[in-house]
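One-letter residues, chain by chain:
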Amino acid sequence: MKLSPNDVCWCGSGRKYKKCHMAMDEKMALLHDRHLQVPPRELLKTPAQIEGMKESAKVNMAVLDAVAEKIGAGMSTEDIDQLVYETTTKMGGIPAPLNYEGFPKSVCTSVNEEVCHGIPDASVILKEGDIINVDVSTIVDGYFSDSSRMFCIGEVSEDKRRLVEVTRECVQKGLEQVQPWGFLGDVGAAVNEHAKKNGYSVVREIGGHGIGLQFHEDPWVSFVAKKGTGMVLVPGLVFTIEPMVNMGRHGIYCDEDNGWTIYTRDGKPSAQWEIMVQVTETGHEVLCW
Ligand code: MF3
Ligand code: CO
């Protein structure tokens, strides 16, 4: 749909197009002509949609806070699942993973050498020295949010603790690259560089994703990308930064029995943190963590 300068802007601000998104649309058209990968308008969230996503994120973060309060040795990953289900639904949300493409639980719980998509189970009891990623995703009013955190159970070995810390730093390094008219590849390159510098490797096959009106939207976010490549970061674009960092080699494999859980090929530990970030006119805003 082609708007005239005096039409009301498509974003719902109520302002005239020429006073709102017209300049941005023109810039995107120019970049598109230069064969850069420019996001389609549907991926750019309106202020109202961002508000909806923030409401969803409030629940998502409250759920992770509840997990942080309770998690410890002796707890099963099934207990975490129940806590996530109850906290989410009490707050008016729906756990996004539940029944998502057949996923049987409300949350992903990935322990030690499990890279991601671990399925909560009553027989998996957390013990001193474990590291675990709890990946929570929520739907509120049709809006999706998604973030994950690492937890160290009791005293954890120095090398595992460092993996957890460096992985968090990787997310921060990636986040610092999120600025309008930058490239998505700058994010992945910064993540990969920091991981490699610390002697770790980044999982290649699984990445982050756009999010908001659906659980997984474009773009797919690689964390081993090259600088200056990939989608142009246009204000309104929202995606996750969620690198999986392995202590050893980057190789992974999928559990053949459950079809979900991803493990490191070399059996060494893996860590992951996930945040949701929006590109803004001036930089970025973290929507969920
Ligand atoms: N939360 C995961 C992500 O970051 C998605 C897991 S899909 C599920 O993309 F079905 F396993 F939940
Ligand atoms: Co995600």
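Structure shown above.
A brief structural summary. (Residues numbered from 1 in each chain as written. Chains lettered and ligands numbered in written order. Predicted model: local features only at pLDDT ≥ 70, side-chain atom pairs only at ≥ 80, totals over all residues. Heavy atoms only, no water.)

1. Description of the overall build of the protein chain
On a plain count of helices and strands, the protein chain comes out with five helices and 15 strands. Its C-alpha atoms give the protein chain a radius of gyration of 20 Å, near enough to 19 Å, the size a compact globule of 289 residues would have. Dimensions of the protein chain along its principal axes, counting C-alpha atoms only, are 65 × 45 × 30 Å. Among the 289 residues that make up the protein chain, the fraction classed as buried is 58%. Within the protein chain, residue pairs in contact and separated by at least 24 positions form 67% of the contacts whose partners lie at least 6 positions apart. If you sum the accessible surface of the protein chain, you get close to 13300 Å²; carbon and sulfur atoms cover 50% of it. (Helix = DSSP H or I, 4+ residues; strand = E, 2+ residues; numbered from the N terminus. Rg over C-alpha atoms; globule rule 2.2 N^0.38 Å. Buried < 20%, exposed > 50% of the residue type's maximum accessible area, 1.4 Å probe, protein only. Contact = heavy atoms within 4.5 Å. Areas by Shrake-Rupley, 256 points an atom, 1.4 Å probe, with all protein chains shown as cover.)

2. A short note on the environment of Cys-116
Looking at the secondary structure, you find Cys-116 in strand β3 (residues 114-116). In this structure, the C-alpha to C-alpha distance between Cys-116 and Gly-283, residues 167 residues apart in sequence, is 29 Å.

3. Quick notes on the environment of Gly-102
Along the chain, Gly-102 falls in the loop between β1 (94-95) and β2 (108-111). Taking C-alpha positions, Gly-102 is 10.0 Å from Gly-259, a pair spaced 157 residues apart along the chain.

4. Examining the coordination of the cobalt ion (ligand 2)
Every protein donor of the cobalt ion (ligand 2) is listed here as Asp-146 (OD), His-209 (NE2), Glu-242 (OE) and Glu-274 (OE), and their distances to the metal cover 2.1 to 2.3 Å. Taken together, the six donor atoms coordinating the cobalt ion (ligand 2) and their angles of 47 to 160 degrees define a geometry best described as irregular. (Donors = N, O, S within 2.8 Å, 3.2 Å for Na, K, Ca; no water. Tetrahedral: all angles 85-135°; square planar, octahedral: opposite > 155°, others 65-115°.)

5. Considerations on the layout of surface pockets
Roughly 400 Å³ of internal volume is contained in the largest pocket. If you trace the largest pocket, you find 23 residues lining it, with Tyr-100, His-117, His-209, Phe-215 and His-216 closest to the centre. Where the lining of the largest pocket is concerned, the elements lending two or more residues are β4 (131-140) and β7 (208-210). Residue composition of the lining of the largest pocket, grouped by class: 10 nonpolar, seven polar and six charged. (1 Å grid on protein atoms, 1.4 Å probe; cavity = no way out; pocket = protein on both sides within 12 Å on 5 of 7 lines; lining within 4 Å. Points joined across faces, edges and corners; volume = space filled by probe spheres on them. Nonpolar A, V, L, I, M, F, W, Y, C, P; charged D, E, K, R; others polar.)

6. Observations regarding the pairing of β4
Sheet faces and side chains relate simply in a regular strand, where the side chains alternate between the two faces. Burial runs high along β4: 10 of the 10 residues are buried. Two strands pair when backbone bridges link them, and β1 and β4 are joined in this way by two bridges, in the antiparallel orientation. Within β4, the position partnered with Pro-95 by the bridge is Thr-138. Here four bridges tie β2 to β4, and the two strands are oriented antiparallel to one another. Bridged to Thr-109 within β4 is Val-134. Pairing between β4 and strand β5 (residues 143-152): 10 bridges, direction antiparallel. When the sheet's bridge partners are listed, Thr-138 is paired in β5 with Ser-145. Hairpin connection from β4 to β5: two residues lie between these consecutive antiparallel strands, with Asp-141 at a positive phi of about 60 degrees. (Pairing = 2+ DSSP bridges.)

7. A look at the sheet that holds strand β11 (residues 252-254)
Taken in spatial order, the three strands of this open sheet run β3-β12-β11, and their pairing is antiparallel. Edge strands, defined here as strands with exactly one partner in the open sheet, are β3 and β11. With direction set aside, neighbouring strand axes in the sheet form an average angle of 40 degrees. As paired strands, β11 and strand β12 (residues 262-264) are joined by three bridges and run antiparallel to one another. Residue pairing for β12: Ile-252 is matched across the bridge by Thr-264. (Axes fitted to C-alpha atoms, helices over the stretch in contact; angles between N-to-C directions.)

8. Examining the site of ligand 1
Surveying the vicinity of ligand 1 reveals 14 residues, the closest of which are Pro-97, Asp-135, Asp-146, His-216 and Glu-242. Residue Asp-146 places a side-chain N or O atom 3.0 Å away from an oxygen atom belonging to ligand 1. Within the side chain of Glu-274, an N or O atom sits 3.3 Å from an oxygen atom of ligand 1. For ligand 1, whose accessible area on its own is 340 Å², the fraction buried by protein is 96%. Applying the majority rule of atoms within 2 Å of the grid points places ligand 1 in the largest pocket. Within the shell around ligand 1, the residues separate by chemical class into six nonpolar, four polar and four charged. (Near = heavy atom within 4 Å. Polar contact = N/O pair within 3.5 Å; in protein donor to acceptor, adjacent residues only side chain to side chain. Sits in = over half its atoms within 2 Å of the grid points.)

9. Considering the sheet that holds strand β6 (residues 201-202)
With antiparallel pairing, the three strands of this open sheet are ordered in space as β6-β10-β13. Lying at the two open borders of the sheet, with one neighbouring strand each, are β6 and β13 (270-272). For β6 and strand β10 (residues 244-246), the ladder comprises two bridges, and the chain directions are antiparallel. In the strand pairing of β10, Val-202 is matched with Val-245. Lying on the sheet, helix α4 (residues 158-175) is in contact with β10 and β13; it crosses β13 at an angle near 40 degrees.

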